[in-house]
Amino acid sequence: RSAPPPPAGPRAVLPTIYAITPTYSRPVQKAELTRLANTFRQVARLHWILVEDAAARSELVSRFVAGAGLPCTHLHVPTPRRYKRPGLPRATEQRNAGLAWLRQRHQHLPPSQPGVLFFADDDNTYSLELFQEMRTTRKVSVWPVGLVGGRRYERPVVENGKVVGWYTGWRADRPFAIDMAGFAVSLQVILSHPKAVFKRRGSQPGMQESDFLKQITTVEELEPKANNCTKVLVWHTRTEKVNLANEPKYHLDTVNIEV
């Protein structure tokens, strides 16, 4: 009789993808989160970090998370009122709360846990292929983003496997002329740069990505994904503003329905 096959060696652990999603109360919030959850549920080893812009967790998001059917951490932190003016960067406090949670959690886990972090705003549309691409991130990976910056797409320009510039409609002189949806960072990089956060002081609108990435990498080190940054796998779709002109002020419905 033939000998039994040798026991298989330890299987490589699939890196966990951590998706940090800032969210805030508005008529389309639950619809946006539902669309996002339907995508994330199809991705292996994804942990969703949902951060509300609020002084407390809302019932709507708490109920949503409980029924979302995927690993999810629900955080909340309010944006100070002085930062809610038009033209100022948004979601800074929420993204930083997600980073703080990740660092705190991994203080107590073995360092061999591989992971990748990306910032998944709730008004974007994500191809499942994007998660396959970002999962192999060694340090910081980048890719194009569709329907952003007043163009059909923006992308890093790649030559010989290296990023050499940016195809963008706005301020191509930025150190990293890239949208929040256009990059992923290895968990090891996040943990080895404990002070890397999104800054309020001295940060101009549209510079948050550059200000953050400057703290952890250089353009030369970026890893182009999505076929050398020639495929669009994420779109900044945004939901149109809801028309509630016929919503009654009085004579409300006899039941209270969550939308």
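Every chain begins its residue count from 1, and numbering advances along the sequence as written. At least 70 in pLDDT is required for a residue's local features to be given in this predicted model, at least 80 for side-chain atom pairs to be given and counted, and no such filter applies to totals for whole chains, interfaces and linings, which use all residues. Here the side-chain values reflect all heavy atoms present in the structure, with hydrogen atoms and water set aside.

By the naming in an unreviewed UniProt entry, the protein chain goes by Galactosylgalactosylxylosylprotein 3-beta-glucuronosyltransferase and is assigned to Steatornis caripensis. UniProt positions are given in the numbering used here, feature names are shortened, and annotations may be inferred rather than shown by experiment. The annotation that UniProt attaches to the protein chain under Sequence similarities (unreviewed entry) is "Belongs to the glycosyltransferase 43 family." The protein chain has a UniProt comment under Pathway (unreviewed entry) that states "Protein modification; protein glycosylation."

### Some thoughts on the sheet that holds strand β2 (residues 46–52)
DSSP bridges decide pairing: two strands pair if at least two such bridges lie between them. What counts as a helix is a DSSP run of H or I of at least four residues, what counts as a strand is a run of E of at least two, and both are numbered from the N terminus. Here we have 7 strands laid out as an open sheet, ordered β3-β2-β1-β4-β10-β6-β11, and mixed in their pairing. Looking at the sheet topology across the chains shown, the edges are occupied by β3 (72–76) and β11 (223–224). Where strand β1 (residues 16–23) and β2 come together, 7 bridges link them in parallel fashion. Bridge pairing in β2 links Pro-22 to Val-51.

### Remarks on the side chain of Asn-96
Along the chain, Asn-96 falls in helix α3 (residues 92–107). The class for Asn-96 is buried, based on a relative accessible area of 18%. Sequence-distant contacts of Asn-96, that is, excluding residues within four places in its chain, are made with Val-197 and Phe-198. Burial classification: accessible surface area is computed with a 1.4 Å probe over protein chains only, and a residue below 20% of its type maximum counts as buried, one above 50% as exposed, and the rest as partly exposed. The contact criterion used throughout is that any non-hydrogen atoms of two residues lie within 4.5 Å.

### Description of the packing of aromatic side chains
Pairing of aromatic side chains requires ring centres within 6.5 Å, counting the rings of Phe and Tyr and the six-membered ring of Trp. Pairs whose planes differ by under 30 degrees are stacked, by over 60 edge-to-face, and all others tilted. Considering all chains together, one arrives at 13 aromatic pairs under this definition. A ring pair is formed by Phe-40 and Tyr-126, whose centres lie 6.3 Å apart and whose planes are at 45 degrees; its orientation type is tilted. Of this pair, Phe-40 sits in helix α1 (residues 29–40) while Tyr-126 sits in strand β5 (residues 125–126), placing them 86 residues apart in sequence. The pair formed by Phe-40 and Tyr-126 is uniform in burial state, with each residue classed as buried. An aromatic cluster is defined as three or more aromatic residues linked by ring pairs; in this entry it consists of Phe-40, Trp-48, Phe-64, Phe-118, Tyr-126 and Phe-131. Put simply, a charge is over a ring when the Lys NZ or the Arg CZ is close to the ring centre, within 6 Å, and near the line of the ring normal, within 35 degrees. One cation-aromatic arrangement involves Arg-95 over Phe-198; the distance from NZ or CZ to the ring centre is 5.9 Å. Note that Arg-171 overlies the ring of Trp-170, its terminal NZ or CZ placed 5.9 Å from the centroid.

### Some details on helix α2 (residues 59–66)
When we look at burial in α2, the residues that qualify are Leu-60, Val-61, Phe-64 and Val-65. For α2, the arc enclosing every buried residue in end-on projection is 125 degrees, short of the 170-degree limit, so these residues lie on one face. Exposed side of α2, more than 90 degrees from the buried face: Glu-59 and Ala-66 are the residues found there. Looking at the buried positions of α2, the neighbouring elements they touch are α1, β2 and β3. Throughout, the arc means the angular range of directions from the helix axis out to the C-beta atoms.

### Quick look at the pairing of strand β4 (residues 115–119)
Counting buried residues along β4, 5 of its 5 residues qualify, which places the element largely inside the surrounding structure. Because side chains alternate across β4, one face comprises the buried residues Gly-115, Leu-117 and Phe-119, and the other comprises Val-116 and Phe-118, equally buried. With 5 bridges connecting them, β1 and β4 associate as parallel partners. Residue pairing in the sheet places Ala-19 in a bridge with Phe-118 of β4. Relative to strand β10 (residues 183–186), β4 runs antiparallel, the two sharing 3 bridges. Following the sheet pairing, Leu-117 is matched in β10 by Val-185.

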